[in-house]
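What follows is the residue order along each chain.
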Amino acid sequence: MILVTGGAGFIGSNFVLDWLAQHDEPVINLDKLTYAGNLSNLESIQQDGRHTFVHGDIGDRSLVSSLLEKHKIRAIVHFAAESHVDRSILGPGEFITTNVNGTFSLLEAARAYWSALPDKEKADFRFLHVSTDEVYGSLGPNDAPFSETTPYAPNSPYSASKAAADHLVRAYHHTYGLPTLTTNCSNNYGPYHFPEKLIPLMIANALGGKPLPIYGDGQNVRDWLYVGDHCAAIRRVLESGTTGETYNIGGWNEKTNLEVVHTLCDILDQLAPKTGSYRDQITYVKDRPGHDRRYAIDARKVERELGWKPAETFDTGIRKTVQWYLDHQEWVRGVLSGDYLKWVEKNYGQREQGVAA
Ligand code: NAD
Ligand code: DAU
């Protein structure tokens, strides 16, 4: 049995759904259900005996220890985190609590449990830590993409908290021999993506007739990967990755934010036509403080050593994603509730208009 943390969030829920579609091995899903956790993502497996949801905090050491013991967990796949850069700028505390202290507590529980396992199970145990490319900082336009040996240079409270967690995971392998694996992935998109992040926010705002707020000049670059491809890469790393190693995961899909938003508008113009183009809703707003200019991932190690490659191109993945949001308007409506509206006011209410590129 595996323990997944944060399995009610965007990537975690996609991972749990994909896992159960491909494996018979049961999953214990530990999630605190913060604003980003959503049990309706897991509705389709509500009656599936292979999935057990546990409402709790990764920082609750006694709860985690009892789950590890009771279910004889053979691997932990650790997604749980505070994940939104803008929230980390407006309130970094929770990021330290969950991403740093929470990961530390989880590592301590895992170490105690793992140390007492019989030799064979000890050798087979895995702690897979899901991290981000943001730990490497920001690239210039002509810099080579981030590789596994790029020095860490996090620039936001979010990326700094993830970098701290990555260092702890590394240290637990180096010092105690805990069989860890770390993945550093680029920007994901796909079903169940919370509409505070660029792609789902733009789709929801476009359909709601609201402005499409582009930070700064819209020329910041992100490297996009369809969430199902990220989940497949995590499964490969869990299965065959070398312990103590890190693996960069990305889709070789660098796009400026403006290109992404134009693409979304053009697809919506085809799939949900209205009078005029959705592009007319684009507005430029004040930039994110410390906004990283460019991310790009060199994914050759995971491709070469583990034979993983993304199945989706940006064109196929983004079209699927827009269609998913059109088909799941009720899910979107459920998410756009009171707390979400407070966030929109906090993040966008104070932003002045920016200047068009
Ligand atoms: P998300 O914000 O959608 O989901 C996070 C989940 O963690 C939520 O279900 C939340 O309830 C849960 N959670 C938060 N604090 C918790 C705690 N203390 N205990 C238990 N559960 C807790 O995040 P996501 O976008 O799905 O990202 C998942 C992981 O992948 C994160 O670690 C993130 O850093 C990493 N990552 C994300 C991306 C991306 O593009 N979204 C890319 C690379 C890496
Ligand atoms: O690179 C991986 C990271 O990708 C993950 O570790 C993070 O958890 C995930 O949130 C994501 O971080 P970003 O900051 O890149 O994602 P976000 O969707 O918030 O923003 C993407 C780009 O779009 C970024 O350059 C900021 C810009 N943006 C974002 C929002 C929400 C806008 O221009 N307008 C917006 O309203």
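Refer to the preceding data block for the structure.
Here we summarise the structure given alongside this text.

Definitions and cut-offs
- Residues numbered from 1 in each chain as written.
- Chains lettered and ligands numbered in written order.
- Predicted model: local features only at pLDDT ≥ 70, side-chain atom pairs only at ≥ 80, totals over all residues.
- Heavy atoms only, no water.
- Axes fitted to C-alpha atoms, helices over the stretch in contact; angles between N-to-C directions.
- Helix = DSSP H or I, 4+ residues; strand = E, 2+ residues; numbered from the N terminus.
- Parallel < 35°, antiparallel > 145°, perpendicular 65-115°, else oblique.
- Left-handed = near helix turned anticlockwise from the far one by under 90°.
- Contact = heavy atoms within 4.5 Å.
- Nonpolar A, V, L, I, M, F, W, Y, C, P; charged D, E, K, R; others polar.
- Near = heavy atom within 4 Å.
- Polar contact = N/O pair within 3.5 Å; in protein donor to acceptor, adjacent residues only side chain to side chain.
- Areas by Shrake-Rupley, 256 points an atom, 1.4 Å probe, with all protein chains shown as cover.
- Salt bridge = Lys/Arg side-chain N within 4 Å of Asp/Glu carboxyl O.
- Buried < 20%, exposed > 50% of the residue type's maximum accessible area, 1.4 Å probe, protein only.
- Core = buried A, V, L, I, M, F, W, Y, C linked by side-chain atoms within 4.5 Å.

## Remarks on the packing of helix α7 (residues 198-207) against helix α11 (residues 314-327)
Contact geometry of α7 with α11 gives a least axis separation of 11 Å together with a crossing angle of 50°. Between α7 and α11, the crossing angle belongs to the class labelled oblique. Here α7 runs over α11; the crossing is right-handed. Here Ile199, Pro200, Ile203 and Leu207 of α7 come into contact with α11, specifically with Ile318, Thr321, Val322, Tyr325 and Leu326. Residue composition of the contact of α7 with α11, by class: 8 nonpolar, 1 polar and no charged.

## Looking at the packing of helix α2 (residues 61-70) against helix α4 (residues 93-115)
Helix-helix packing: each pair is described by the crossing angle between the helix axes and the interaxial distance. Remark: α2 packs on α4, axes separated minimally by 9 Å, with the N-to-C direction vectors making an angle of 40°. The interaxial crossing formed by α2 with α4 has right-handed handedness. Here Arg61, Val64, Ser65, Leu68 and Glu69 of α2 come into contact with α4, specifically with Ser105, Leu106, Glu108, Ala109, Ala110, Ala112 and Tyr113.

## Section: unusual backbone geometry
Phi at Leu33 is positive, roughly 55°, even though this residue is not glycine. Tracing the backbone shows Leu33 in the loop between β2 (27-31) and β3 (51-55). A positive phi angle is found at Lys72, which is not glycine, with a value near 45°. Following the sequence through the fold, Lys72 ends up in the loop between α2 and β4 (75-78).

## Examining the site of ligand 2
Near ligand 2 you find 24 residues, and of these Asp133, Tyr158, Arg288, His291 and Tyr348 are the closest. Between ligand 2 and the protein, one listed contact pairs an oxygen atom with a backbone N or O atom of Ser83 at 2.7 Å. Between ligand 2 and Tyr158, the relevant distance is 2.6 Å, taken from an oxygen atom to a side-chain nitrogen or oxygen of the residue. The fraction of the free accessible surface of ligand 2 (690 Å²) that becomes covered by protein chains is 94%. Secondary structure elements with two or more residues in the shell around ligand 2: α7 and β8 (212-215).

## With respect to the pattern of salt bridges
Enumeration over the complete set of coordinates arrives at 20 salt bridges. Between Glu254 and Arg294 there is a salt bridge, with its nearest N and O atoms 2.7 Å apart. Placement of Glu254 in strand β11 (residues 254-256) and of Arg294 in the loop between β12 (282-285) and α10 (300-306) is noted, with a sequence separation of 40 residues between them. Residue Glu254 is classed as partly exposed on the basis of its relative accessible area, which comes to 35%. The exposure class assigned to Arg294 is buried, which follows from its relative accessible area of 8%. Connected through shared salt-bridge partners, Asp24, Asp48 and Arg50 make up one network.

## Some words on the nonpolar core
Counting residues in hydrophobic clusters, the biggest one holds 79 residues, and the most contacted among them are Phe15 and Val77. Non-local contacts of Val77, meaning those with residues more than four positions away in its chain, are made with Ile2, Leu3, Val4, Thr5, Phe15, Leu128, Val130, Ile234 and Leu238. Listed in part, the 23 residues of the second largest apolar core include Leu107, Tyr113, Tyr172 and Leu178.

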